[in-house]
Amino acid sequence: MPSKDPIAEPWGTRTPYGSGQPWPVRVDLHLARGVAPHEVDRWVPSASILHSNGDGLDIAVKDGRIVGVRGRGEDRVNRGRLDPKDLYGWQANHSPDRLTRPLVRRGGELVETDWDTAMDLVVEHSGRTLEDRGASALGFYTSGQLFLEEYYTLAAIAHGAIGTNHLDGNTRLCTATAASALKESFGCDGQPGSYEDIDHADVIALYGHNMAETQAVLWSRVLDRLAGANPPRLLCVDPRATPVARRSTLHLAPRPGTNVALMNAILRELVRTDRVDHAYVEAHTVGYEELVRVTAAYPPERAAAICDVPAREISAAAELLGGAERLVSTVLQGFYQSNQATGTAVQVNNVHLLRGMLGRPGAGVLQMNGQPTAENTRECGADGDLTAFRNWNNDRHVRELAALWNLDPLRVPHYAPPTHAMQIMRYVEKGSIRFLWISATNPAASLPDLRRVREFLSKEGLFLVVQDVFMTETAELADVVLPAATLGEKTGTFTNSDRTVHLSEKAVEPPGEARPDLDIFLDYARRMGFRDDDGRPFPQWDDAESAFEAWKRASQGRPCDYSGLSYERLRSTGGVQWPCNEQNPEGTPRLYADGRFWAGPDECESYGKDLVTGAPLEEEEYRAANPRGLAMLKAVDFVPPHETPDREYPYALITGRTLYQFHTRTKTGRAPELRRAAPEVWVEIAPSDARAEGIGEGDVVEVRARRGAVRARARISGVRPGVLFVPFHYGYWDVDVAAASDGERARAANEMTADDWDPVSKQPLFKTAAARVRVLSRGGGRPSPAPTTTASAPVGEAAEAVEATRGEADTLEQCHREGTR
Ligand SMILES: Nc1nc2c(c(=O)[nH]1)N[C@H]1C(S)=C(S)[C@@H](COP(=O)(O)OP(=O)(O)OC[C@H]3O[C@@H](n4cnc5c(=O)[nH]c(N)nc54)[C@H](O)[C@@H]3O)O[C@H]1N2
Ligand SMILES: Nc1nc2c(c(=O)[nH]1)N[C@H]1C(S)=C(S)[C@@H](COP(=O)(O)OP(=O)(O)OC[C@H]3O[C@@H](n4cnc5c(=O)[nH]c(N)nc54)[C@H](O)[C@@H]3O)O[C@H]1N2
Ligand SMILES: [Mo]
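The rules we used
Residues numbered from 1 in each chain as written. Chains lettered and ligands numbered in written order. Predicted model: local features only at pLDDT ≥ 70, side-chain atom pairs only at ≥ 80, totals over all residues. Heavy atoms only, no water. Core = buried A, V, L, I, M, F, W, Y, C linked by side-chain atoms within 4.5 Å. Buried < 20%, exposed > 50% of the residue type's maximum accessible area, 1.4 Å probe, protein only. Helix = DSSP H or I, 4+ residues; strand = E, 2+ residues; numbered from the N terminus. Contact = heavy atoms within 4.5 Å. Pairing = 2+ DSSP bridges. Axes fitted to C-alpha atoms, helices over the stretch in contact; angles between N-to-C directions. Near = heavy atom within 4 Å. Polar contact = N/O pair within 3.5 Å; in protein donor to acceptor, adjacent residues only side chain to side chain. Areas by Shrake-Rupley, 256 points an atom, 1.4 Å probe, with all protein chains shown as cover. Domains from an automatic or database assignment.

J.: Looking at this structure, I do not really get the nonpolar core. What am I missing?
T.: Taken as a class, soluble globular proteins show a tendency for nonpolar side chains to be buried jointly. Counting 203 residues, the largest nonpolar core has Tyr 207, Leu 235, Trp 437, Tyr 524 and Trp 551 as the members making the most contacts within it. Top contributing element to this core by residue count: helix α3 (residues 148-162), with ten residues. In contact with Tyr 207, other than residues within four places in its own chain, are Leu 235, Val 237, Met 263, Leu 321, Ser 329, Thr 330, Val 331, Leu 332, Phe 335 and Val 348. If you look at the next biggest cluster of nonpolar residues, it comprises 28 residues, including Leu 103, Ile 438, Leu 447 and Leu 462.

In structure tokens:
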């Protein structure tokens, strides 16, 4: 049974199942008011786009409009379930404030124009910049929310036709660490595990991953296992009492930024108690002695002092992991966006390698993705890597790519690793990048240190193109705004966290003159007159399906091999896991089942990096250390975060998500049910800290870090003492900035975060800052607008206060919005 109120019961009703059994089907559906299922004209296959889970769904179409969605019962990923964001988020497609015509800046104002005028301007500026200053003056910053075909086309244009090294995705903020941890351990990107491992596991460990809120359907799978026979035991590592923590056998709440010390102690205990699969380690890995040597210095008591977690809990965690017969681990932003991101994520891989827990049912590591199509950004090489996990530092890989594109290898930049997003932004700031094209991402809300971001994106001398569905904080700063079509309005493929490829078909026409991103990129290429070495128009494809066919050739023989797939095949079978090729015609549930890795010096995606400094290793060093291409056990010592709490800023500040909103809310903020469920920014504080600061539930407080501040109502929650949590969803597109802020922008969490990143993956540290907090005004009995079903649930007296005001929900949203102004 689907749940009656997906906002109140986001995980729906339970369909319990036992270990090794298939996950039962439960089909969730939401249709616009007044539309009955039999009145739907067509159901068009697609998948969810407001997270990386890849839940299969059908879009309901009536009279040429989207009127709802239904989970696909036969889909391997979700077996029919959908989360609240997917059930309601599609309404944003119909929002009256969609961008429907191109805009250009005239006399300081953005004014509507036609496509020819807008594209001519883009072509003129990029063409002139290319001629006058060379390819390195052009940069492209894209997304984890477009389709595979769109990324592959953009990669071909940037790396091939233009020859700039400056192409990256917002995946840099998201899953760059997943990619780099996989490269460091296995030589190549690519998710080893499968969601089906959840069905078999006896222990599931979630590291910095609030799965209940960020992959709600996968969490339903876990809840159903917990409700069935032989339930798994859960380990949660998170400084907040998330819904995951509440259901865990063991919850460790470390000081933010201390993950490496914790993981090293766990590894040390595994070695000390000989929970090591020596045969596996011997046959399939290098680096064991070094790992033992480094982790030996982290007895639980030492880690306990660093992490402020009781030593016996650390030992208990090692015992839980060490006793597992089928271990699944998932890792996300609590590791990826925290201090020593790659170093920590690699230690989770190490647990699996030590214990031989890879490549069989129930034994899998999931270095999770976040965005729906982040996997494709990485595969296609639109993420600061080369297409199909090729190694920029391997001349043969570069020659292969150039041959695919029929371009001279010298045109494909490979003098240095492709530029990462944070460096692209520095070049913009310094003025060496003069033309920047941003697609499907909103950096003026999502990058750290926003005051600075706003400054350099509005800089004199920068020509800024923004391609979006809505007028965002970023689009406001553009010279040209290109209106894009989005899910349901265009066709393409995308791949989720466990390598499942879905085809998403066009269901309805985009509004006004909005166009699919693929059409925009190809139109640009044609107008620029890009040619391959035989004088044919480049890229050599001209629609989604021909782009997919070209991609199949690019991926053939690489780990992410799509050569056995086609649109036809995806239409008839639904989701398939890559690699899908001649050898694996049905797709591949798990990588490395045969204990072979893509780590040979000639095939690996990267020669690896030093885990402390991030310094890239040379081919010779890699060959010497790993001549046979085995998995690598890489060790790292704990190094404290750059910014830690002190007298002036006594709290550790972390930022993240809530179940009901997606990122900068351009879609979820336009769906009434979701908007109501989490209408306004809040800050979470522990009861003991609230008492010490004299803060009551609902009080309006100012959280201030070195770079900026946020004003929000306090929620007294189960966050670790000494830590403040602020959701990063709330920017400025739906508030009157001048009225809201007395001159200071103080709503977006990223006013406070630092322009600092992991040295290995270059992922920004959204979860490591220091802040202070003070009361601005009393809440007057009104609680904070934070959801009560999630990690932000009130505790103690706050819970009673919130309970007492229930039923006033409709008026609350407004009060809160006014309250924080
Ligand atoms: N509802 C919803 N779902 C989403 C998204 C969304 O915006 N909304 N976005 C999608 C995307 S793109 C992503 S990347 C994923 C992100 O999914 P998650 O990573 O699950 O989400 P976050 O809230 O960013 O962070 C997870 C947890 O990290 C914890 N944490 C913070 N600092 C530390 C630390 O130092 N150590 C440890 N161990 N934990 C720490 C936080 O308390 C938080 O609960 O979600 C995806 N799904
Ligand atoms: N403080 C803090 N900051 C964070 C994080 C955090 O945890 N804390 N998390 C980081 C992470 S993991 C992520 S993924 C980023 C997300 O950061 P962003 O990518 O900036 O966030 P979104 O709101 O998803 O922006 C996507 C944009 O693409 C548009 N869009 C949607 N679909 C389409 C389409 O089909 N075509 C086009 N052209 N446009 C489209 C949307 O309207 C929206 O403006 O934020 C990062 N920033
Ligand atoms: Mo993300």
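Having put the structure on the table, let's press on.
J.: So what exactly am I meant to see when it comes to the sheet that holds strand β9 (residues 203-207) here?
T.: Pairing is parallel across the open sheet formed by five strands, whose spatial order is β11-β10-β9-β13-β14. Only two strands of the sheet have a single neighbouring strand rather than two, namely β11 (250-252) and β14 (364-367). Between one strand axis and the next, the sheet turns through 10° on average, direction left out of account. Both strand β10 (residues 233-237) and β11 contribute to a ladder of three bridges, which runs parallel. Looking at the pairing, Cys 236 lines up with His 251 of β11.

J.: Whenever I open this one, the sheet that holds strand β3 (residues 56-62) confuses me. Can you help?
T.: The strands making up a sheet associate through backbone hydrogen bonding, with each pair oriented either parallel or antiparallel. With antiparallel pairing, the four strands of this open sheet are ordered in space as β1-β4-β3-β2. Each edge of the open sheet is held by one strand with a lone partner, namely β1 (29-31) and β2 (42-47). Along the sheet, successive strands turn relative to each other by an average axial angle of 25°, direction set aside. Across six bridges, β2 lies against β3 in antiparallel orientation. Its bridge partner being in β3, Val 44 is matched across the sheet by Ile 59.

J.: Looking at this model, I keep getting lost on the site of ligand 1. Mind explaining?
T.: Close contacts around ligand 1 come from 34 residues, with Thr 214, Asp 238, Gln 333, Arg 657 and Gln 661 the closest. At a separation of 2.7 Å, an oxygen atom of ligand 1 approaches a polar side-chain atom of Arg 657. Protein contact buries 100% of the 910 Å² of open area that ligand 1 shows by itself. Elements represented by at least two residues in the shell around ligand 1 include exactly α6 (211-214), α14 (333-336) and β22 (651-656). The element that contributes the greatest number of residues to the shell around ligand 1 is α14, accounting for three residues. Mapped onto the domain boundaries, the shell around ligand 1 takes at least three residues apiece from domain 2 (176-368 + 598-632) and domain 3 (651-819).

J.: Can you help me understand the environment of Val 428 in this one?
T.: By the secondary structure assignment, Val 428 is in helix α18 (residues 421-430). Residue Val 428 is classed as buried on the basis of its relative accessible area of 0%. The sequence separation of Val 428 and Gly 139 amounts to 289 residues, and the corresponding C-alpha distance is 8.5 Å. Residue contacts for Val 428: discarding those within four places in its chain leaves Ile 433, Leu 436, Phe 456, Lys 459 and Leu 462.

J.: Help me out: how do you make sense of unusual backbone geometry in this one?
T.: What you tend to see is this: most non-glycine residues have negative phi, and most peptide bonds are trans. The omega angle of the peptide bond from Phe 538 to Pro 539 is -5°, so this bond is cis rather than trans. Along the chain, Pro 539 turns up in the loop between α21 (517-528) and α22 (544-555). The step from Trp 578 to Pro 579 runs through a cis peptide bond, and the omega angle for that step is -5°. Along the polypeptide, Pro 579 turns up in the loop between β20 (576-577) and α24 (619-625). Positive phi values are uncommon outside glycine, yet Arg 79 reaches one of about 45°. Owing to a relative accessible area of 24%, Arg 79 belongs among the partly exposed residues under this scheme.

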